[in-house]
Amino acid sequence: MTVVADTAAGEDGPSRVPPSGTSGPPGRSRGRELALEFTERYALVVLFVATLIFFSVWSKTSGTFPHATNIKNVLGGEAYSGILALAIMIPLVCGEFDFSVGNSAGLTQVLCAGFMARLGFAVPLAILVPIAIGAFIGLSNGNTVARIGVNSLIVTLGISSVLLGIVQWYTNGQSISNNISPWLTNIATDEWLGLPVTLYILAVAALIVYYMLEHTPYGRYLYSIGSNRDAARLVGLRVERYVLIAFVLSGTLAGVAGVLLVSNSGGGNPQAGQIIDTLQALAAAYLGATAIKPGRFNVLGTMIAIYFLAFTVTGLSLAGVADWINSVFDGGALFVAVLVSTIIGRRRAGTS
Amino acid sequence: MSGPGEPGHEQDSEPASVVPDVGPTPGPPSEVALRVDHLSKTFPGTRALIDVSFAIKTGEIHALVGGNGSGKSTLIKILAGVYHGDAGGTITVGDTTLAADHTTPAKARALGLHFVHQNPAVFPALSVAENMVIGHGFSTNAAGSIRWRALRRQTQALLDRFQINVHPEALVSSLRPAERAMVAIARALQDQEGQHTGVLVLDEPTASLPRAEVVRLMGALNRFARAGQTILFVSHRLDEVIDTADQATVLRDGRLAGTLVGDEITESRLIELIAGRTLDRMYPVMPPVESDEVVLEARGLTGGPLQGVDFQLRRGEVLGIAGLLGSGRSELLKMIFGAYPIKSGTLLLDGKAVKFRDIGDAMDAGIAYVPEDRGGEAAFLNQSLADNVVASSISRYWKALRLRNRAMDHDARDIIGRYFIRASSEKQIMGTLSGGNQQKVVLARWLSRKPRVLLLDEPTQGVDVNARAEIYTLISKAVGDGCSVLLVTSDFEELSRVADRAVVLSGGRVTSELRGAEIEPVRLTELAFSTQEVAS
């Protein structure tokens, strides 16, 4: 005798789906629906291609933008941001935020450089130990969020600040650039089959995450948890454990991103790996959720979003636009992406 | 769980009234504090309220009674201005008449209707004084600071007026449940300033109170009424209606079933009006129980509201569990499913004691559970129908390091056909299906696992008649295959048609058991509403 009346009202009955006959909506509106769906799926791709064409023909950038060097630079240079976007995406799938990915990468980056420069670690160790530390940060976040039930946004924002402090303490505000393994720094510049090696690294990471989310039960579980946590629990899913694992995976990927940062910049830079990187990753993940599989965080969409943002920013800077435009653009993209994906999501859930 | 979207209270046939409908009580206007005339409310697909009229005299305690889905919550919401009634209905308070299709919360307040809802919105972490002013704005001094001393004084005056013996600075969390309810009442009435022109409306004020607290609260209501306060209260505890109310209005299937005055308010009369005779609905014939084999047995299950529940469930049997909201019926199902902690007692499956550490264990043992709150606990509304169907068995499709998505879609298509689900394809998003079809999807999710024990909590809530018949056809098929069912439903008519046996849960225990022809709506209503233990 309680008061669910509001939700129960009108939710039922013949108004939505005719009780007899299983056919969908009649022909014409079905066509419109398909067109709408297609637009939804590929709007970002079309926008991306249009941006590429625009910067290739615009007189201000046509001389520099469409050149192989520029394109390779962007393709290879986005490996760090791309992996960070994958890192933030995994907890997002199950409805949690990991705002610490940028600063986790910042810490693992100075540790990786520091281990080589100060402690003389062998290269594999100098790479793997920081990644393990990234995983540990994820474990700690996940434990607090999943087992104790603290709001993930607050937990990871707080941890971000802690990590930032540790970086300042460890580096004293100075870059670490001695004794960095040339093998590691060469990764950023090497090419394989005419494409930057870092692009392959990103592709491998993206494929693994794609496989995990779309082709393993674990991925399905994460989407279910993101859709309705209580229902997920009541179909027998171990919600806490899966959410915890999502954070560990996120932290691990942030660690990988940190190592790539060392390779990119040739050392450990206390100014790199910041909350702004987290926001950029968030923008890519949300923008990605508006494409390919609208209303759902997905790897391909996120990758398209990363390169859409990167090529646009590059085009703008080649055109000589002032630097502040970049942060306006990234922030604006995040805003629009969240707006659009919320609208799409609502419509899909039939609640609009 | 009541509500307009609820099933079954169809417009297509007249429920046979036990007594002729009683119109508004005639009388001089000054004597009538609240009059409701020809109030109706139509939701898409159902009529929650049909031409209801009644009147409440000044200074009287008037009870509004009815089963789940009878329309009482809808009526209260129209009075409160949360819903608009259909055009044509009117609400009159004193000399002011308001059209039912133009109500708003502000107008309801202006009319002098004061509401205290089921879970009174008191703020446990704030003091009594703060709770009193929270909705009215704090009075502040020139610097914008709250005038605490004045606030304390006003609150003390208010507490004195309502004879509530608490300190203005006590935290509400430290008060007894009845005192909290009284604080909420005092807050609702504080504007009246001594004159008793308005009406205090209480929506199931005692639903979550223990027995002793109910007595305190009812005593307070009696005191207010003697002082001239008009009170309308919704309740499902018949004893308190009998003890406290001067008049009782009973709703059934959205219509006025009758009004009882003074000595007419007896348990038997109330039950007669509440249960009435409901519509004939299409229920499939359940296969007879052919086996004596006990599949599931509970011995002294304790935890939450339950205080030692015993029952036996046989193979191929439908065992109904009747009980009011808060009787622990949902908790009982969750306990069996490993989703609610068991404090003590044993659960036996095939005669062997089992302890489920989590839901996965219970599922492995062949137990399935369809929760009451479909949107909150069962449906993945933004996922596809296929995702929803396979949600409980995804790991089955994991072979050679790959999810067999195609096999999943294939099975989902197959299930759509077999479970009467009306959808354009297995890709359709769950949230765009009607309530009945969503429920069939949830049912299919579990029945496709071929469970041995199926736990159903209000399986036909919020679904239309046709879907209801289909849902029971599906259940009867499963029962024919040897599945045993524990069925919780507030619809006693439904229970009487479907269950082989029924137990009544009251006060945390099984108080009686009915078999075959004994399972009858009036008898069930009587047993569920009665607070004393009845020997079976």
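Right, let's walk through the structure included here. This one's a predicted model, so the numbers in the text were calculated from it and none came from an experiment. (Residues numbered from 1 in each chain as written. Chains lettered and ligands numbered in written order. Predicted model: local features only at pLDDT ≥ 70, side-chain atom pairs only at ≥ 80, totals over all residues.)

1. So, the overall build of chain A
Of regular secondary structure, chain A possesses 15 helices and two strands. Here chain A, with 352 residues, has 48% of them falling under the buried criterion. In chain A, the proportion of contacts linking residues at least 24 apart, taken out of those at least 6 apart, comes to 78%. (Helix = DSSP H or I, 4+ residues; strand = E, 2+ residues; numbered from the N terminus. Buried ≥ 20, exposed ≤ 12 C-beta atoms within 10 Å, placed from the backbone. Contact = placed C-beta atoms within 7 Å.)

2. A short note on the sheet that holds strand β12 (residues 306–314) of chain B
All names here are of chain B. As summarised here, the arrangement of the four strands in space is β12-β11-β14-β15, forming an open sheet in which the pairing is antiparallel. In this open sheet, the two strands that pair with only one neighbour each are β12 and β15 (352–354). Across the sheet, the mean angle from the axis of one strand to that of its neighbour is 25 degrees, orientation sign disregarded. With five bridges joining them, strand β11 (residues 294–303) and strand β14 (residues 344–349) adopt antiparallel strand pairing. Bridge pairing links leucine 296 to leucine 349 in β14. (Pairing = 2+ DSSP bridges. Axes fitted to C-alpha atoms, helices over the stretch in contact; angles between N-to-C directions.)

3. Considerations on helix α13 (residues 405–418) of chain B
All names here are of chain B. Its 14 residues give α13 an end-to-end C-alpha distance of 20 Å, which sits within 8% of 20 Å, the value for a rise of 1.5 Å per residue. All of the buried residues in α13 are Met408, Ala412, Ile415 and Ile416. Seen end-on, α13 carries its buried residues on one side only, within an arc spanning 105 degrees. With respect to the buried face of α13, the exposed residues turned more than 90 degrees away are Arg406 and Gly417. Contact partners of the buried residues in α13: α12 (385–390) and α14 (435–447). Phenylalanine 420 occupies a position one or two residues after α13 and carries a positive phi of about 55 degrees. (Expected span 1.5 Å × (residues − 1). Arc of directions from axis to C-beta.)

4. Description of the environment of Ala310(A)
Residue and element names in this part refer to chain A. Considering the arrangement of structural elements, one finds alanine 310 in helix α14 (residues 299–318). Taking C-alpha positions, alanine 310 is 26 Å from alanine 246, a pair spaced 64 residues apart along the chain. Beyond its immediate chain neighbours, meaning those up to four positions away, alanine 310 contacts Val74 and Glu78.

5. Focus on the packing of helix α4 (residues 79–93) of chain A against helix α12 (residues 239–265) of chain A
All names here are of chain A. Contact geometry for α4 and α12: axes closest at 8 Å, N-to-C directions at 170 degrees. Classified by the angle between their axes, α4 and α12 sit roughly antiparallel to one another. Residues Ala79, Tyr80, Ile83, Leu84, Leu86, Ala87, Ile88, Ile90 and Pro91 of α4 lie in contact with α12, whose contacting residues are Ala246, Phe247, Leu249, Ser250, Leu253, Ala254, Val256, Ala257, Leu260, Leu261 and Asn264. Taken together, the residues that form the contact of α4 with α12 break down as 18 nonpolar, two polar and no charged. (Parallel < 35°, antiparallel > 145°, perpendicular 65-115°, else oblique. Nonpolar A, V, L, I, M, F, W, Y, C, P; charged D, E, K, R; others polar.)

6. Brief notes about the sheet that holds strand β20 (residues 484–488) of chain B
All names here are of chain B. Spatial strand order, β16-β19-β20-β13-β21-β22: six strands in an open sheet with mixed pairing. The open sheet is flanked by β16 (367–370) and β22 (509–515), the only strands paired with a single partner. This sheet shows a mean twist of 20 degrees between the axes of neighbouring strands, independent of strand direction. Here strand β13 (residues 318–322) pairs with strand β21 (residues 501–506) via four bridges, running parallel. Each bridged residue has a counterpart across the sheet, and for leucine 319 the counterpart in β21 is arginine 501. With respect to the sheet, helix α17 (residues 521–529) is in contact with β13, β21 and β22, its orientation differing from that of β21 by roughly 25 degrees.

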